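Coordinate inspection notes
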Amino acid sequence: MKVHILDDWFDTLRGLPCFDLLNGHDVTVWTDHQPDEAILADRLQNAECVVLFRERTKVSRGLLERLPRLRLISQRGAYPHVDVAACTDNGVLLCSNKGADGANYAAAELTFALILSAIRQLPQQMASAKAGGWQMGVGRSLRGRRLGLYGYGRIGRVVADYARAFGMEVVWWGSDAGRARAKADGEIVAECRAAFFGTSDVVSLHLRLTPETRGSITAEDLGAMSPRAVLVNTSRAGLIAEGALFQALNAGHLGAAAVDVFDTEPLTDPADPLLSHPKLIATPHIGFVTEDEFNKQFTDIFAQVNAYAAGAPIHMINPSVYAR
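Residues numbered from 1 in each chain as written. Predicted model: local features only at pLDDT ≥ 70, side-chain atom pairs only at ≥ 80, totals over all residues. Heavy atoms only, no water.

Pairing between the strands of a sheet comes from backbone hydrogen bonds, and it takes one of two forms, parallel or antiparallel. Spatial ordering of the open sheet is given by 7-6-8-9-10-11, a layout of six strands whose pairing is parallel. Each end of this open sheet is capped by a strand with a single partner; those strands are strand 7 (169-173) and strand 11 (280-282). The average angle at which neighbouring strand axes cross in this sheet is 20 degrees, direction not considered. Together, strand 9 (230-233), strand 10 (256-259) and strand 11 form the strand contacts of helix 10 (residues 244-251), whose direction differs from that of strand 10 by roughly 150 degrees. (Pairing = 2+ DSSP bridges. Helix = DSSP H or I, 4+ residues; strand = E, 2+ residues; numbered from the N terminus. Axes fitted to C-alpha atoms, helices over the stretch in contact; angles between N-to-C directions. Contact = heavy atoms within 4.5 Å.)

Judged by nonpolar contacts, the single largest core of 52 residues is most densely connected at Leu222, Leu231 and Leu245. Residue contributions to this core peak at seven residues, all from helix 4 (residues 105-119). Within the second largest apolar cluster, 22 residues are counted, among which are Cys18, Phe19, Val29 and Val51. (Core = buried A, V, L, I, M, F, W, Y, C linked by side-chain atoms within 4.5 Å. Buried < 20%, exposed > 50% of the residue type's maximum accessible area, 1.4 Å probe, protein only.)

Here we take up the packing of helix 4 against helix 6 (residues 154-165). Across the interface, helix 4 lies against helix 6 with an axial gap of 9 Å and an inter-helix angle of 45 degrees. Here helix 4 lies oblique to helix 6, going by the angle between them. Pair helix 4 / helix 6 crosses with right-handed handedness. For the pair formed by helix 4 and helix 6, the contact residues are Tyr105, Ala107, Ala108, Glu109, Thr111 and Phe112 on the first element and Ile155, Val158, Val159, Tyr162 and Ala163 on the second. (Parallel < 35°, antiparallel > 145°, perpendicular 65-115°, else oblique. Left-handed = near helix turned anticlockwise from the far one by under 90°.)

Now for unusual backbone geometry. Here the bond from Glu265 into Pro266 is cis, since omega is -5 degrees, no more than 30 degrees from zero. Along the chain, the position of Pro266 falls in the loop between strand 10 and strand 11. With phi around 55 degrees, Trp134 is a residue other than glycine that occupies positive phi space. By the secondary structure assignment, Trp134 is in the loop between helix 5 (122-130) and strand 6 (146-150). Residue His315 is not a glycine yet carries a positive backbone phi of 55 degrees. Given a relative accessible area of 33%, His315 falls into the partly exposed group.

A separate point is the environment of Glu291. Summarising the element assignment, Glu291 is placed in helix 11 (residues 291-309). Glu291 sits 275 residues away from Leu16 along the chain, and the two C-alpha atoms are 7.5 Å apart. What Glu291 contacts, discounting residues up to four positions off in sequence, is Thr12 and Leu16.

Residue position: Gly132 is located in the loop between helix 5 and strand 6. Taking the C-alpha atoms as reference points, Gly132 and Tyr150, separated by 18 residues in sequence, lie 39 Å from one another.

Right, let's talk about the pattern of salt bridges for a bit. According to the stated counting rule, one finds 12 salt bridges in the structure shown. Note that Asp26 and Lys2 form a salt bridge whose closest N and O atoms lie 3.7 Å from each other. With Asp26 in strand 2 (residues 26-29) and Lys2 in strand 1 (residues 2-5), this residue pair connects regions lying 24 residues apart in the sequence. Judged by its relative accessible area of 41%, Asp26 is partly exposed. The residue Glu169 makes a salt bridge to Arg146 at a minimum N-O spacing of 2.9 Å. A residue pair is termed long-range when its members are at least 10 positions apart, and Glu169 in strand 7 and Arg146 in strand 6 qualify at 23 residues. Looking at Glu169, the relative accessible area reads 33%, which means it is partly exposed. Connected through salt bridges with shared partners, the residues Asp161, Arg164 and Glu187 form a single ionic network. (Salt bridge = Lys/Arg side-chain N within 4 Å of Asp/Glu carboxyl O.)

So yeah, pure geometry; function would need other evidence.
Laid out in structure tokens, this is it:
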């Protein structure tokens, strides 16, 4: 098959063991991000399969209608960036392993790194040292503080383990079903939503972004947090109501925020009001960006390509296309 891989910005995949799974295919790897639909369609004119790098490129109806040879899109996880109905209408099968085994340890590790960075003022202290200013302030310890985890999933549970190793108290909130699972597992669930936000020293978000979860965290939620509390988001920016985080930082409802995700990505404007906010610690969506996690994820993705080529596709999202 003619396989095109999008958005491998650092040309990483060719050096990983999983890439051998594509032996026998005609593979093109694009190492830049191309947001222009017309240019992207021209690049992909001969593609029979497109491999997506998470949510870096949006697959719209307009793009799909420009790609008459395309038959398969292979990716992993959720797919809010893919127009599934348009895929079906254009005879394109979407395969995505949504229920992949194991937690994303890379994302959990970054989450805890951001917690430490915010509580100990690491970016500010490093900048001060490099500028010849030595210490710039006094941080806080994690031991004895409360970590509120919103979303009882695999990544959140790994973060909880890290937090307990540092002597933190862990409390949970989330959907009715999530809270029920947490209680059944013997976890501490906040007595109410307001108490969860109001008593946590750090709140970390661990939800999938779906139409139901979009905007789940409201301005009222952030306003209930302590003026010294920290909000951490390594999940998706859309979980927070539009503009609410920026407003909370400006209003002093939060001591700091540490985020790995933004509404617009890549976000390359250093003057962006949120990105440049003095109370914001930012990383450029690197939660999953490790060689180990890439190899794990793309082993699944490339296996889907091979299964399709062998006439036995797996993890089909719109199976009616293949049944035609």
